Amino acid sequence: MSSKFESSIKQIPYAQQKVYDMLSDLSNIERVKDRLPQDKVKELSFDSDRVSISVAPVGQVALHIVEREEPKCIKFETEKSPVAANLWIQLLPVTETSCKIKLTIKADIPFMIKGMVSKPLTDGIEKIADILAMIPYE
């Protein structure tokens with residue numbers, strides 16, 4: 001059974017293309033990894049198409065980019081994860097120098113554990129959206 005989780009829409013004070021260019025190449029994580037919460041994020045590794053991270057209490061999670069729709073959408077799929085899931089990063093232009101971002105996760109969560117994972121997933125996607133909204137996209 002598929003469940004959908006969405007972040008709230010965040011405003012980013014950078015042009016849509018700049019944000020897309022940075023987020024669509026995961027090797028750019030190098031520039032912002034010191035901003036990630038060190039207590040939550042362990043064993044971070046990445047290349048241009050993949051990111052792998054150890055997140056408490058979930059464990060190792062790996063995502064890879066399966067689709068890029070420049071400059072408005074980047075779609076990820078889980079590789080290593082307790083549940084199969086997709087993540088979309090959607091970008092919409094607001095002005096020449098700002099855009100909006102929204103994250104959506106669609107996951108196959110067994111009914112028996114849905115109650116346990118819904119809140120952490122909702123909180124997690126919101127935290128990721130907050131981090132992505134704070135990154136300097138220069």
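Structure shown above.
Everything quoted here is computed from the prediction, not taken from an experiment.

Draft legend 1. Focus on the pairing of strand S8 (residues 98–108). As judged from the five bridges shared by strand S1 (residues 2–6) and S8, these two strands associate in the antiparallel manner. In the sheet register, Phe-5 faces S8, and the bridge partner there is Ile-105. Relative to S8, strand S2 (residues 10–12) runs antiparallel, the two being bridged by three bridges. Along S8, the bridge assignment pairs Gln-11 with Lys-100. In this antiparallel pair of consecutive strands, strand S7 (residues 85–95) and S8, the connection spans two residues.

Draft legend 2. The pattern of salt bridges, seen in detail. Counted according to the given criterion, the structure contains eight salt bridges. A salt bridge links Arg-68 to Asp-49; its shortest N-O distance comes to 2.5 Å. Of this pair, Arg-68 sits in strand S5 (residues 59–69) while Asp-49 is found in the loop between strand S3 (41–46) and strand S4 (50–55), placing the two residues 19 residues apart along the sequence. We classify Asp-49 as partly exposed; its relative accessible area is 29%. Each of Lys-4, Glu-6 and Lys-102 takes part in one network of salt bridges that share partners.

Draft legend 3. A look at the nonpolar core. Ile-89 and Tyr-137 are the most contacted members of the largest nonpolar core, which totals 32 residues. For this core, the elements supplying multiple residues, two or more each, are helix H1 (16–23), helix H2 (29–32), S5, strand S6 (73–80), S7, S8 and helix H3 (111–134). Tyr-137 has contacts with Ile-12, Tyr-14, Lys-18, Val-19, Met-22, Leu-23 and Leu-132, leaving out every residue within four places of it along the chain.

Draft legend 4. Expanded view of the state of the cysteines. Overall, the coordinates contain zero disulfides when judged by the stated rule. Summary of cysteine pairing: Cys-73 is not part of a disulfide, and the nearest cysteine sulfur, belonging to Cys-99, is at 13 Å.

Draft legend 5. Structural detail: H1. Regarding H1, the residues found buried are Gln-16, Val-19, Tyr-20, Met-22 and Leu-23. Burial along H1 is one-sided: seen end-on, the buried residues are contained in an arc of 165°.

Draft legend 6. Geometry of H3. If you check H3, its first and last C-alpha atoms are 34 Å apart, about what 24 residues at 1.5 Å a residue would give, namely 34 Å. At Val-117, H3 is bent by approximately 45°, the largest bend along its length, and proline Pro-120 sits one to four residues beyond. Considered for burial, the residues of H3 that qualify are Ser-118, Ile-125, Ala-129, Leu-132 and Ala-133.

Rules and cut-offs
Residue numbers here run from 1 along each chain, matching the order of that chain's written sequence. Only residues with pLDDT of 70 or above have their local features reported here, since the model is predicted, and side-chain atom pairs are shown and tallied only from 80 upward, although totals for entire chains, interfaces and linings are computed over all residues. To obtain the side-chain values, all non-hydrogen atoms of the structure were included, while hydrogens and water were left out. DSSP bridges decide pairing: two strands pair if at least two such bridges lie between them. The helix count covers DSSP runs of H or I at least four residues long, the strand count covers runs of E at least two residues long, and both are numbered beginning at the N terminus. Each salt bridge in this description consists of a side-chain nitrogen of Lys or Arg and a carboxyl oxygen of Asp or Glu lying within 4 Å of one another. Under the scheme applied here, a residue whose accessible area is under 20% of the maximum for its type counts as buried, over 50% as exposed, and between as partly exposed, the area being computed with a 1.4 Å probe on protein chains only. Only buried Ala, Val, Leu, Ile, Met, Phe, Trp, Tyr and Cys residues count toward a nonpolar core, and they belong to the same one when joined by side-chain atoms within 4.5 Å. Note on contacts: a residue pair qualifies if any of its non-hydrogen atoms lie within 4.5 Å across the two residues. Two cysteine sulfurs form a disulfide in these notes if their separation is within 2.5 Å. What the arc describes is the spread of directions from the helix axis to the C-beta atoms. Multiplying one less than the number of residues by 1.5 Å gives the expected span of a helix. For a residue, the bend is simply the angle between two axes, fitted respectively to the seven-residue segment ending there and the seven-residue segment starting there.

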